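Residue strings, one per chain:
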Amino acid sequence: MRAFDKCPVCGGELATHLVEKILSGGGNTASMKVSAEVCGKCGEHLYSQKLSHSFDEIRRKLQHQEFSHLRPIGQSFTVEDGWPDQTIRSAG
Ligand SMILES: [Zn+2]
């Protein structure tokens, strides 16, 4: 069952695509591919209610440093303080 028939933003046609979604919380990030309705006109991504609940759950886990059902695929970094190019600053 489709949650939307037309794009609620512009009324454009929607098509189901596998899109990359990045969630973050507590300094952690998780990336995944999700099935979303994507507007062919404005590019808006629409997620089902079930998917939105999953996003909330994943953000909550990241915030609380709970990583059950999450798999590490690498490390994320920021620059150290004093990076020579002063236009780059540490993210946290
Ligand atoms: Zn649209």
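In the block above lies the structure referred to throughout.
About the criteria used
- Residues numbered from 1 in each chain as written.
- Predicted model: local features only at pLDDT ≥ 70, side-chain atom pairs only at ≥ 80, totals over all residues.
- Helix = DSSP H or I, 4+ residues; strand = E, 2+ residues; numbered from the N terminus.
- Rg over C-alpha atoms; globule rule 2.2 N^0.38 Å.
- Contact = placed C-beta atoms within 7 Å.
- Pairing = 2+ DSSP bridges.
- Axes fitted to C-alpha atoms, helices over the stretch in contact; angles between N-to-C directions.
- Buried ≥ 20, exposed ≤ 12 C-beta atoms within 10 Å, placed from the backbone.

Draft legend 1. Representation of the overall build of the protein. Looking only at helices and strands, one finds one helix and three strands in the protein. The order of α-helices and β-strands along the protein, N terminus first, is β-β-β-α. Taking 12 Å as the expected radius of gyration for a compact globule of 92 residues, we find that the protein reaches 17 Å, considerably beyond that expectation. Once the C-alpha set of the protein is aligned to its principal axes, its extents read approximately 50 × 35 × 20 Å. The long-range fraction of contacts in the protein, counting pairs at least 24 apart against all pairs at least 6 apart in sequence, stands at 52%.

Draft legend 2. Looking closely at the sheet that holds strand E2 (residues 28-39). Taken in spatial order, the three strands line up as E1-E2-E3 in an open sheet, and their pairing is antiparallel. Bordering the open sheet on either side are strand E1 (14-25) and strand E3 (45-46), each of which pairs with just one other strand. Relative to E3, E2 runs antiparallel, the two being bridged by two bridges. By the bridge assignment for E3, Glu37 is matched with Leu46. Strands E1 and E2 of the sheet are contacted by helix H1 (residues 49-63), whose axis makes an angle of about 20 degrees with E1.

Draft legend 3. Structural view of the pairing of E1. Alignment of E1 against E2, held across 12 bridges, turns out to be antiparallel. Its bridge partner being in E2, Leu23 is matched across the sheet by Ala30. Hairpin connection from E1 to E2: two residues lie between these consecutive antiparallel strands, with Gly26 at a positive phi of about 60 degrees.

Draft legend 4. Looking closely at unusual backbone geometry. The residue Gln65 is not glycine, and still its phi comes out positive at about 55 degrees. Note that Gln65 resides in the segment after H1. Classification of Gln65 by C-beta neighbours within 10 Å gives exposed; the count is 10. The phi angle at His69 is positive, at roughly 70 degrees, despite the residue not being glycine. Position of His69 relative to the elements: it lies in the segment after H1.

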